[in-house]
Amino acid sequence: MLHQRFARSYWVLAAVLLGFAGCAKTDPPVAQQPEPAVVAEAKKDAKPVGVEFDALRQPARGVEKENVANVESPKSNETFGLKKDPNSHPPVAIPAPLSPASDPKPFAARGYVAPHPTPDSSIIGGSGRTGVEGARYKQFDQLKRGEKIVNGKAQNRSIDRLRASEAKGDPGPQNAALPGGPQGLLAGKALKDMADGERYDDADFQGEAYQHLEDNAFKTVKVDPLSTLSAAVDTAAYSNVRSRLNEGMLPPKDMVRIADFLNYFPYDYAAPTDGKPVNFKLEMAACPWNEKHNLLKVGLKSKVIEKDKLPARNLVFLIDTSGSMNSPNRLPLVIESMKLLVEQLTDRDRVSIVTYAGAAGLRLPPTPGNQKEKIINEIIGLQSGGSTNGEGGIKLAYEQAEKTFIKEGINRVILATDGDFNVGVSDNAQLIRMIEDKRKNGVYLTILGYGMGNLHDDRLEQLAHHGNGHYAYIDSLDEAKKLFVEQGAALVTVAKDVKLQIEFNPAKIAGYRLIGYENRILKTEDFRNDAKDAGDMGCGHTCTMLFEIVPVGEKVPLSDVEPLKYQTTPQLTDAGKSGEWLTTRMRYKDPETDKASEVSASFDGKDIAKDASKDFRFAAAVAAYGMLLRDSDYVGNADLEKVLTWSKGSLGEDKGGHRAEFTRLVEKTKDIVTKKREQVPQEKK
């Protein structure tokens, strides 16, 4: 017994002695310094290059700010932001990261050429702030001026990921090399990642989540004569893809939802004039990517309400203020976006503000819309930090909307977030059930997605769908203006649960394929089931659907199917023997009374257009572009050059300039693809 106790004491004593020995050690070795002769020679030969400091005051690559498509990721053996001088000595050990005010000349001793400091090296962006905080304000100034942030993007998104991990309890390594308050720790880790050669092209989007969608296949009319689907007005996928392309990168396939692409653009559809809340128009012409097929366009347009006749609005701004929202294209952009919306409000409207991070709270009680200064001051004062209790925020926002409910008015929660919920209920199915229950009380949900790197697009798209609202992604102030200024009245729902059912005549049409809308397809029996939820349409909304049509006599491109053993081909009716090609039925409900209405229209073969409208041609170009980005098997002979030709020839009036911007985006895509093809042989070597 005694010897066991002594043995335990011996090991304790040994551990204590080892601890004292560790304390007696000298400071850890610092990075090896270059020989004086190497430094002198490098300084003599060094030539400054024409590059700028990036957002963290580290030298950035020598590329022009607007040449986004040519920005390259650092190779694994290359220090981010520094250009290797082929005439210099081999690089030696790299010392700790420099502070913003440090002299960059020591980089020359490591075999790199760095620029001299800019005049504002101590204060970034003239904001009086330094380090990462100053960089955030400088970058947001650029966002407000409409400039593209190129040299600072990877650093900030790395910091976003670190902040997200910090919110989950991982504080990261300690590094006080850069000033900037509490962000200094994160900045040090971000710089280390860059020095290690992290490939941001891939890593920046590993934390994002998208619903996997398979392209709709062709169907034969004899087997599936009916196509039933929900209307949709979401636009998020288009602006999200645009932001990625503007960074010089191609989007992942699942980021591209063609329905969002089609519905991003306004079309010259006639609004209903017979007192109905929504109208539709059919148009068919030759399919541009397959000359043997036709293309059917179904265009919906909801009624327009003049601004002075809009109903009173009870809005609850639900704003994510968690740590993951702390970057220029997140909370600062949310603040600017909400200010635009506030400017559209009147004294009849009411605004409440609920914020959530680790916990949710009421930031602003119901306030009349004409008290703009009070509302905006509360929005400007928002700061980010902490974990993300999305469930708690959603519950509190709905409770607040119900307390201030305006009968015969607009009652809506507007959620601004990146969707990264990590506290409370974060399961999509549970959140959807909660939101479905809340919508029964007449409070609807609009979702605005922000940021890159950890955007949970799959969650946000589904929550908006089940909350009787729509989902948009805000990547710039221009996009916020489009949503809140150009389409501000769209917050007013005029038609609920809008569904369409197209019946194809087998005597005229052998097969068809719905382009996009993969997650909006309904069962045949859902069309007249008024308990089945579908998409809502707001004031002035348009919704565009495209079907690729295979006429009788052409082979439907699908796998061989065994003929039915126990049935024969159904007999044609008198209508089937007429010149009609198809009939479209639309069903919707009144948002106040829930009373369902149904309208229908047939399309005759003689109405097939020889010269398609500009709306038709532009929508076809957008669909082809989406299929190319998705690497679809159904893209036919379309390519980016043809998409560019089709879209440039169908710009039309283009009031907001959105179609012209589309052509520029296609050109940028061409540049990115060309560059990637040029890099393939070099990478193989």
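The numbering scheme is per chain: residues are counted from 1 as the chain's sequence reads. Side-chain atom pairs in this predicted model are given and counted only at pLDDT of 80 or more, local residue features only at pLDDT of at least 70, and totals for whole chains, interfaces and linings cover all residues. With hydrogens and water stripped out, all remaining heavy atoms of the structure feed into the side-chain values.

**Q** Can you break down the overall build of the chain residue by residue, with the values?
**A** We count a stretch as a helix when DSSP gives it H or I for four or more residues in a row; a strand needs E for two or more, and each element gets its number in order from the N terminus. Scanning the chain from N- to C-terminus turns up 17 helices and 18 strands. Counting every position in the chain, which comprises 685 residues, the buried fraction comes to 52%. Restricting to contacts in the chain with at least 6 residues of sequence separation, those with at least 24 account for 79%. As displayed, the chain offers around 31500 Å² of accessible surface, 51% of which is attributable to carbon and sulfur atoms. Buried, partly exposed and exposed residues are distinguished by accessible area as a fraction of the type maximum, computed with a 1.4 Å probe on protein chains only: under 20%, between the cut-offs, and over 50%, respectively. Residue contacts follow a heavy-atom distance rule, with two residues in contact if any of their heavy atoms lie within 4.5 Å. Residue burial considers only the protein chains on display, and all accessible areas are found by Shrake-Rupley using a 1.4 Å probe.

**Q** Now, about the confidence of the model for the chain: what can you tell me, with residues and values included?
**A** Within a predicted model, pLDDT stands for the predictor's per-residue confidence, ranging from 0 to 100. When pLDDT is averaged across the chain, the result is 77; 69% of the residues are at 70 or more. Contacts for the low-pLDDT stretch residues 12-35, under 50 throughout, to residues beyond four places or in other chains number 7 contacts. Throughout residues 42-140 the model reports pLDDT below 50, and contacts reaching past four residues in sequence, or to other chains, amount to 203 contacts.

**Q** Run through the pattern of salt bridges, naming residues and quoting values.
**A** Any carboxyl oxygen of Asp or Glu within 4 Å of a side-chain nitrogen of Lys or Arg constitutes a salt bridge here. Under the counting rule described, the total for this entry stands at 26 salt bridges. With a closest N to O distance of 3.1 Å, R520 and D234 form a salt bridge. Of this pair, R520 sits in the loop between β14 (509-515) and β15 (535-538) while D234 sits in the loop between β4 (226-230) and α7 (236-246); the two residues are 286 residues apart in sequence, bridging distant segments of the chain. Note on R520: relative accessible area 6%, which makes it buried.

**Q** Outline the sheet that holds strand β6 (residues 294-302), supporting the account with residue identities and numerical values.
**A** If DSSP finds at least two bridges between two strands, the strands pair. Taken in spatial order, the 5 strands of this open sheet run β3-β14-β16-β6-β5, and their pairing is antiparallel. The sheet is open, and its two edges are formed by β3 (219-220) and β5 (278-286), each paired on a single side. Taken together, the 8 bridges between β6 and strand β16 (residues 542-551) define a ladder with antiparallel strand orientation. Each bridged residue has a counterpart across the sheet, and for L296 the counterpart in β16 is F547. Every axis in this analysis is a line fitted to C-alpha atoms, fitted for helices over the stretch in contact. Angles between the N-to-C directions lie between 0 and 180 degrees. Lying over the sheet, helix α15 (residues 614-629) contacts β5, β6, β14 and β16, oriented at roughly 110° with respect to β6.

**Q** Could you give an account of the pairing of strand β7 (residues 313-320), with specific residues and numbers?
**A** With 8 of 8 residues buried, β7 lies mostly within the body of the structure. Residues R313, L315, F317 and I319 line one face of β7 and the alternating positions N314, V316, L318 and D320 line the opposite face, and both faces are buried. Of the strand pairs in this sheet, β7 and strand β10 (residues 410-417) are connected by 7 bridges, and their pairing is parallel. By the bridge assignment, N314 is partnered in β10 with N411. Across 7 bridges, β7 lies against strand β8 (residues 350-356) in parallel orientation. In the strand pairing of β8, L315 is matched with V351.

**Q** Provide a residue-level description of the sheet that holds β8, including the pertinent values.
**A** A sheet is described by the order of its strands in space; here 6 strands give the open sequence β9-β8-β7-β10-β11-β12, paired in mixed fashion. Looking at strand neighbours, the two that pair on one side only are β9 (360-368) and β12 (471-473), the edges of this open sheet. Adjacent strand axes in the sheet meet at a mean angle of 15° when their direction is disregarded. Pairing between strand β11 (residues 444-449) and β12: 3 bridges, direction parallel. Directly across from I447, in β12, lies its bridge partner Y471. On top of the sheet, helix α13 (residues 457-466) reaches β10, β11 and β12; it is set at about 155° to β11, its chief contact.

**Q** Quick rundown of the packing of α15 against helix α16 (residues 640-648)? Include the residues and the values.
**A** Interaxial distance between α15 and α16 falls to 8 Å at its minimum, and their mutual angle equals 160°. The angle between α15 and α16 falls in the class roughly antiparallel. You can see that α15 and α16 cross each other, and the crossing is left-handed. For the pair α15 and α16, contact is made by F618, A621, A624, Y625 and L628 and by L640, V643, W646 and S647, respectively. Its residues placed into classes, the contact of α15 with α16 shows 8 nonpolar, 1 polar and no charged. Note that the term roughly parallel is reserved for angles under 35 degrees, roughly antiparallel for angles over 145, roughly perpendicular for angles of 65 to 115, and oblique for everything else. Take the far helix as your reference; a near helix turned counterclockwise from it by less than a right angle gives a left-handed crossing, and one turned clockwise gives a right-handed crossing. Polarity classes work like this: nonpolar for Ala, Val, Leu, Ile, Met, Phe, Trp, Tyr, Cys and Pro, charged for Asp, Glu, Lys and Arg, and polar for all others, with Gly in that last group.

**Q** Would you mind going over the nonpolar core in detail, with residue names and values included?
**A** Among buried residues, those of type Ala, Val, Leu, Ile, Met, Phe, Trp, Tyr and Cys that are joined through side-chain atoms within 4.5 Å constitute a nonpolar core. If you look at the biggest cluster of nonpolar residues, it comprises 68 residues, and the most contacted ones within it are F261, W289, V413, Y625 and F662. At 11 residues, the largest contribution of residues to this core is made by α15. Counting 38 residues, the second largest nonpolar core, distinct from the first, contains V492, V494, L514 and Y517.

**Q** An account of the packing of aromatic side chains is requested, with residue identities and associated values reported.
**A** Think of it this way: a Phe, Tyr or Trp ring, Trp meaning its six-membered ring, pairs with another when their centres are within 6.5 Å, and the plane angle makes it stacked under 30 degrees, edge-to-face over 60, tilted otherwise. Here the structure, examined in full by the defined rule, presents 14 aromatic pairs. Seen in terms of ring centroids, Y238 and F261 are 5.3 Å apart; in terms of plane orientation they differ by 90°. Their pairing is edge-to-face. Placement of the pair is Y238 in helix α7 and F261 in helix α8 (residues 258-264), with a sequence separation of 23 residues. Judged on exposure class, the residue Y238 and its partner F261 are both buried. Taking the centre distance of 5.4 Å and the plane angle of 70° together, the rings of F618 and F662 count as edge-to-face. Pair noted here: F618 is in helix α15 and F662 is in helix α17 (residues 658-684), with a separation of 44 residues, a long-range link. Owing to a relative accessible area of 0%, F618 belongs among the buried residues under this scheme. Connected via pairs of aromatic rings, a cluster forms that spans Y238, F261, Y264, F265, F618, Y625 and F662. Definition used: whenever NZ (Lys) or CZ (Arg) falls within 6 Å of the ring centre and also within 35 degrees of the ring normal, the charge is taken to sit over that ring. It is K482 that lies over the ring of Y264; its NZ or CZ is 4.0 Å from the centre. In this arrangement the basic side chain of R659 is found over the ring face of F618, its NZ or CZ atom lying 4.5 Å from the centre.

**Q** Provide a residue-level description of the side chain of R659, including the pertinent values.
**A** Residue placement: R659 occurs in helix α17. Counting of polar contacts relies on pairs of N or O atoms within 3.5 Å, with two restrictions inside protein: one atom must be capable of donating a hydrogen and the other of accepting it, and residues adjacent in sequence are counted only when both atoms are side-chain atoms. A polar side-chain atom of R659 sits 3.0 Å from the main-chain carbonyl oxygen of S650. Setting aside chain neighbours within four positions, we find R659 in contact with F265, P266, Y267, K614, D615, F618, S650, L651 and D654.

**Q** Tell me about the environment of L448, and name the residues and values.
**A** Of note, L448 is situated in strand β11. Excluding its chain neighbours within four sequence positions, the residues that come into contact with L448 are M338, I414, L415, A416, T417, A472, I474, L483 and F484.

**Q** Can you tell me about helix α12 (residues 428-439), naming the residues and giving the values?
**A** Residue pairs spaced three or four apart in an α-helix point in one direction, given the helix's 3.6 residues per turn. To estimate the expected span of a helix, subtract one from its residue number and multiply by 1.5 Å. For α12, with 12 residues, the first-to-last C-alpha span of 16 Å sits near the 16 Å given by 1.5 Å per residue. Against α11 (390-403), β11 and α13 lie the buried residues of α12.

**Q** An account of the packing of helix α9 (residues 331-342) against helix α14 (residues 477-486) is needed here, citing residue identities and associated values.
**A** Describing two packed helices takes the angle between their axes plus the distance from one axis to the other. At a minimum axis distance of 9 Å, the contact between α9 and α14 shows a crossing angle of 30°. With respect to α14, the axis of α9 lies roughly parallel. For α9 against α14, the interelement crossing comes out right-handed. Residue-level contacts link L333, E336, S337, L340 and L341 of α9 to L477, A480, K481 and F484 of α14. Here the residues of the contact of α9 with α14 are counted per class, giving 6 nonpolar, 1 polar and 2 charged.

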